[in-house]
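Next come the chains, spelled out residue by residue.
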Amino acid sequence: MKAPPVDSPRATGAQRLRLVLHGAVQGVGFRPFVYRLAREMGLTGWVLNSSAGLVVEVEGEAAELERFRQRLEAERPPASYILAREQSWLPAKGYTEFRILPSDEAAEKTAAVLPDLATCRECLAEMLDPANRRYLYPFTNCTRCGPRYTIILDIPYDRPRTTMRGFTLCDDCRREYTDPADRRFHAQPNACPRCGPRLTATVAQTAGELAAGRIVALKGIGGFQLLVDARNEEAVQRLRRRKRREEKPFALMMPSLDMVRQYCVVSEAEAELLQSPAAPIVLLRPNGRPGIAPSVARSSPYLGVMLPYSPLHHLLMRAFPHPIVATSGNLSDEPIAIDNDEAVARLTGVADFFLMHDRPIARPCDDSVARVVRGRPSLVRRARGYAPLPIALDRELPPVLAVGGHLKNTVAIALRRQVILSQHVGDLDTLEARNAFERAIADLCRLYRFQPKLVACDLHPDYASTRWAARSGLPVVAIQHHQAHVAACAAENEIREPYLGVAWDGTGYGTDGVVWGGEFFLVEHGRFERVAHLRPFRLPGGEAAVREGWRAAASLRYETFGAGAVGDTPLLRMLERGVNSPWTTSVGRLFDAVAAMAGVARENRFEGQAAMMLERAIGGLEDDEAYPMPHGDWRPLIEALEDDVRRGLPASRIALRFHNALVNWIVEVAARMGVRDVCLSGGVFQNGYLVERAAALLEARGHRVWTHQRVPPNDGGIALGQAVLAAERI
Ligand code: ZN
Ligand code: ZN
Ligand code: FE
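Residues numbered from 1 in each chain as written. Chains lettered and ligands numbered in written order. Predicted model: local features only at pLDDT ≥ 70, side-chain atom pairs only at ≥ 80, totals over all residues. Heavy atoms only, no water.

Novice: Help me understand the overall build of the protein in this model?
Specialist: In terms of regular secondary structure, the protein is built from 22 helices and 27 strands. Relative to the compact-globule value of 27 Å for 730 residues, the protein shows a C-alpha radius of gyration of 25 Å, a close match. Every one of the 730 residues in the protein was classed for burial, and the buried ones make up 62%. Across the protein, the fraction of contacts at a sequence separation of at least 24, relative to all contacts at a separation of at least 6, is 73%. Just so you have it, the protein exposes about 26900 Å², and 50% of that area is on carbon and sulfur atoms. Computed over 91 positive and 85 negative side-chain charges, the inter-centroid distance for the protein is 2 Å. (Helix = DSSP H or I, 4+ residues; strand = E, 2+ residues; numbered from the N terminus. Rg over C-alpha atoms; globule rule 2.2 N^0.38 Å. Buried < 20%, exposed > 50% of the residue type's maximum accessible area, 1.4 Å probe, protein only. Contact = heavy atoms within 4.5 Å. Areas by Shrake-Rupley, 256 points an atom, 1.4 Å probe, with all protein chains shown as cover. Lys, Arg positive; Asp, Glu negative; His and termini not counted. Charge placed at Lys NZ, Arg CZ, Asp CG, Glu CD.)

This is the structure in structure tokens:
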């Protein structure tokens, strides 16, 4: 196993930490408190009250900033509470003192729409107190916790404009709701067993079903989930068959942090993320202890684990105190079901049992997926608990609607100095998904009273999102996929030009018609100069080669060793004639090929599987040995790799040498360009080994390395980049 993740921040001089806090942080002495704390710790920066929340920026050494963040949380005024918080680590600005800035009255009115929040400690205690009127009540919430984004129908956020409008408050609940001293003062989803939503079956029954190995469809916060006992291999396999999800890892829910520690290595930062109000699925390293069914996550080096985040989940986890699979209630890649009738129609045949309730869900919101990279939280899928918190920008944008890519789609709207990124919509392959995509656009525009003046989309003409843009009747700006990746990373980190953008992923449409995915851009004066890319190779079979990595492997062998190295005759013909064999510079496809050659994975049963398995193959191996890959030319790499395979070198060593070769190439290009700032973006950078090593080596050579924090590195983040670049290019 790899050594436990280290939480220690980098020691690379002054950094800037921005915290955006939502909740009761205004009018409770929070600003003077922040001021005193920052002064006491000798940090510079400012604090500002705005309608978008309380914003704090502090500058200093990373370790000091981390301590500031912890002390802020621990020592904050007693009357305050923090509902939602997001943090960004940014380049230092050189503040010389700490100031309280005047309130920002002009900001957009976006503060009203908060994300859904995990059940708070007080509510949980009430639910577990037999003397309390909410004893075991699965819809308990208060001003500090409970559903928000998934119940709001319109702004301003008030009960008649939520999906709670059909429930009339009883006298007790109304008293709480109208009493300014009460924890439930104006808690819009306030409810109790007498007046609130009800379950269609009991928690005890549901626990019994799980214990019997049956598949349960549970109506959660942002949609239905499919649950099954994660210790029961046969049951997990049955869920895979019925859901038509061959091998993509399933997420787990575990009743307590203690149990998570039984199965995974959990750092302090990871524990904090698991227990945060957003309560995302956190990608953790398994510690190798048995107990979890192997079919839960065969290919991944990680286990995705979350803690119970709604009262219903808490009650279920008490009745069934074991790890459960908790995956979105859908078939393979369709959108998550939110409506009772729809769920029964779509999930009958998948689920054996339904646990539903009568509180409607206003919009789908999957569980978010997060991880700790370089000691700090970073999102892989941004949805429940984070959407729709705005991403602040260092510049003002015109009203752009960005419609994202094709896979892991999200859409975004630009509200002056903020971008609202939608929750994860999903892959736009099915009609259901395309409908969900259109609903997400309409929903954002309506909720924020937003009228787009132009639409930003991908350069790929055949993406469903691109076609939607063309039909919209608005001016369209098409943005190259990898430029959008890089721009998203730079915008989120507030990086100024010049910088080097590294965009590596599976596929994206290049400006020359080639399938890109291994690109380096020098970004200067608003221009993207493609300064390096992977040596192109053919993908025999086109789309088929995206799934079947052995095809890419054959292509690389053909180019390196000649026709004699390709045994498959039809494939050889294709390569020789160049029929249905588009050129690509994709690092994702190079991963596929190498995984096939190393005997790790012959194909992708889900996007990115082979790359994931190759990362997993490294195990805990640590060494600087690397294949040669001068200037992105994979031929020497393939020669050396084939040699290693012939000599019977273990796959772990081959995987390590390959990863290290990629990192060396990044270091080589960065050195050649002579720029300080390097942005890493694209789905390939979900690879933890690659990111950690690239960052360490680059920083040791004096570069500053920027990776995604609040926005996913995969295609879930490109809507942000599209919005930013479209604004520059109109
Ligand atoms: Zn609460
Ligand atoms: Zn009530
Ligand atoms: Fe991409």
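Novice: Please explain the domain arrangement of the protein as it appears in this structure.
Specialist: Here the protein is partitioned into domain 1 (14-100), domain 2 (113-196), domain 3 (203-371), domain 4 (388-493 + 712-729) and domain 5 (539-657). Computed from C-alpha atoms alone, the centre-to-centre distance between domain 1 and domain 3 is 35 Å. (Domains from an automatic or database assignment.)

Novice: Even after reading the chapter, I still don't get the confidence of the model for the protein, so can you show me in this structure?
Specialist: Low pLDDT means the predicted coordinates in that region are not meant to be read closely. Averaged over the protein, the pLDDT score is 94; the fraction of residues at 70 or greater is 97%. Across residues 1-11, where pLDDT falls below 50, the model places 24 contacts with residues more than four positions away in sequence or in other chains. (pLDDT = per-residue confidence, 0-100.)

Novice: So what exactly am I meant to see when it comes to the pairing of strand E19 (residues 454-458) here?
Specialist: Consecutive residues of a regular strand have side chains that alternate between opposite faces of the sheet. Most of E19 is tucked away, with 5 of its 5 residues classed as buried. Judged from the 4 bridges that link them, E19 and strand E20 (residues 476-479) form a sheet pairing that is parallel. Residue Val 455 lies in a different strand from E20, and its bridge partner there is Val 476. Taking the sense of rotation as the criterion, the β-α-β connection linking E19, helix H12 (residues 464-471) and E20 turns out right-handed. (Pairing = 2+ DSSP bridges. Right-handed = clockwise from strand over helix to strand, strands pointing away.)

Novice: What exactly am I supposed to notice about the packing of aromatic side chains here?
Specialist: Where two aromatic rings form a pair, the distance of their centres and the angle of their planes describe that pair. Using the criterion set out here, one finds 12 aromatic pairs in the structure. Here the aromatic rings of Phe 437 and Trp 468 are separated by 6.1 Å at their centres, their planes lie at 85 degrees, and the arrangement is edge-to-face. Residue Phe 437 is found in helix H11 (residues 431-447), and its partner Trp 468 is found in helix H12; the two are separated by 31 residues along the sequence. Given a relative accessible area of 17%, Trp 468 falls into the buried group. Here the aromatic cluster, defined as three or more aromatic residues joined through ring pairs, consists of Trp 504, Phe 520, Trp 665 and Phe 685. (Phe/Tyr/Trp six-rings, centres within 6.5 Å; stacked < 30°, edge-to-face > 60°.)

Novice: What am I meant to see in the coordination of the zinc ion (ligand 2) here?
Specialist: For a metal with four tetrahedral donors the ideal donor-metal-donor angle is 109.5 degrees, whereas six octahedral donors ideally subtend 90 or 180 degrees. Within the protein, Cys 170 (SG), Cys 173 (SG), Cys 192 (SG) and Cys 195 (SG) serve as the donor atoms for the zinc ion (ligand 2), at 2.2 to 2.4 Å. Considering all 4 donor atoms around the zinc ion (ligand 2), angles at the metal cover 103 to 117 degrees and the coordination shape is tetrahedral. Site description for the zinc ion (ligand 2): donor spacing in sequence, C-x2-C-x18-C-x2-C. Comparing Cys 170 with Cys 173 shows no difference in burial state: the two are buried. (Donors = N, O, S within 2.8 Å, 3.2 Å for Na, K, Ca; no water. Tetrahedral: all angles 85-135°; square planar, octahedral: opposite > 155°, others 65-115°.)

Novice: Help me out: how do you make sense of the packing of helix H13 (residues 481-493) against helix H22 (residues 718-729) in this one?
Specialist: Any two packed helices are characterised by the angle at which their axes cross and by the distance between the axes. Where H13 meets H22, the axes come as close as 7 Å, and the angle between the chain directions of the two elements is 95 degrees. As the angle between them shows, H13 and H22 are arranged roughly perpendicular. Residues His 481, Gln 483, Ala 484, His 485, Ala 487, Ala 488, Ala 491 and Glu 492 of H13 touch H22, and the partners they reach there are Ile 718, Leu 720, Gly 721, Gln 722, Val 724, Leu 725 and Arg 729. A class-by-class count of the residues in the contact of H13 with H22 yields 8 nonpolar, 5 polar and 2 charged. (Axes fitted to C-alpha atoms, helices over the stretch in contact; angles between N-to-C directions. Parallel < 35°, antiparallel > 145°, perpendicular 65-115°, else oblique. Nonpolar A, V, L, I, M, F, W, Y, C, P; charged D, E, K, R; others polar.)

Novice: Help me understand the coordination of the zinc ion (ligand 1), please; the structure alone is not making it clear to me.
Specialist: Note on the zinc ion (ligand 1): its protein donors are Cys 120 (SG), Cys 123 (SG), Cys 142 (SG) and Cys 145 (SG). The metal-donor distances range over 2.3 Å. Angles of 104 to 119 degrees at the metal separate the 4 donor atoms of the zinc ion (ligand 1), which places the site in the tetrahedral class. When the donors of the zinc ion (ligand 1) are listed by position in the chain, the intervening gaps give C-x2-C-x18-C-x2-C. Assessed through its relative accessible area of 1%, Cys 142 is described here as buried. In this structure Cys 145 comes out as buried when scored by relative accessible area, which is 0%.

Novice: In this structure, what is going on with a nonpolar patch on the surface? I would like to understand it.
Specialist: A surface patch of nonpolar side chains, about 250 Å² in accessible area, is lined by Leu 128, Tyr 135 and Leu 136. When you line up the elements, Leu 128 lands in the loop between helix H3 (121-127) and helix H4 (171-178). Residue Leu 128 is classed as partly exposed on the basis of its relative accessible area of 31%. (Patch = residues over 30% accessible without salt bridge, like charges linked within 9 Å, V, L, I, M, F, W, Y side chains within 5 Å. Salt bridge = Lys/Arg side-chain N within 4 Å of Asp/Glu carboxyl O.)

Novice: Just to check I follow, could you spell out the pairing of strand E7 (residues 224-229) for this structure?
Specialist: Judged by how many residues are buried, E7 sits mostly within the fold: 6 of 6 residues are covered. Alternating residues of E7 divide into Phe 224, Leu 226 and Val 228 and Gln 225, Leu 227 and Asp 229, and every residue in both groups is buried. As judged from the 5 bridges shared by E7 and strand E12 (residues 324-328), these two strands associate in the antiparallel manner. Across the sheet, Asp 229 pairs through a bridge with Ile 324, a residue of E12.

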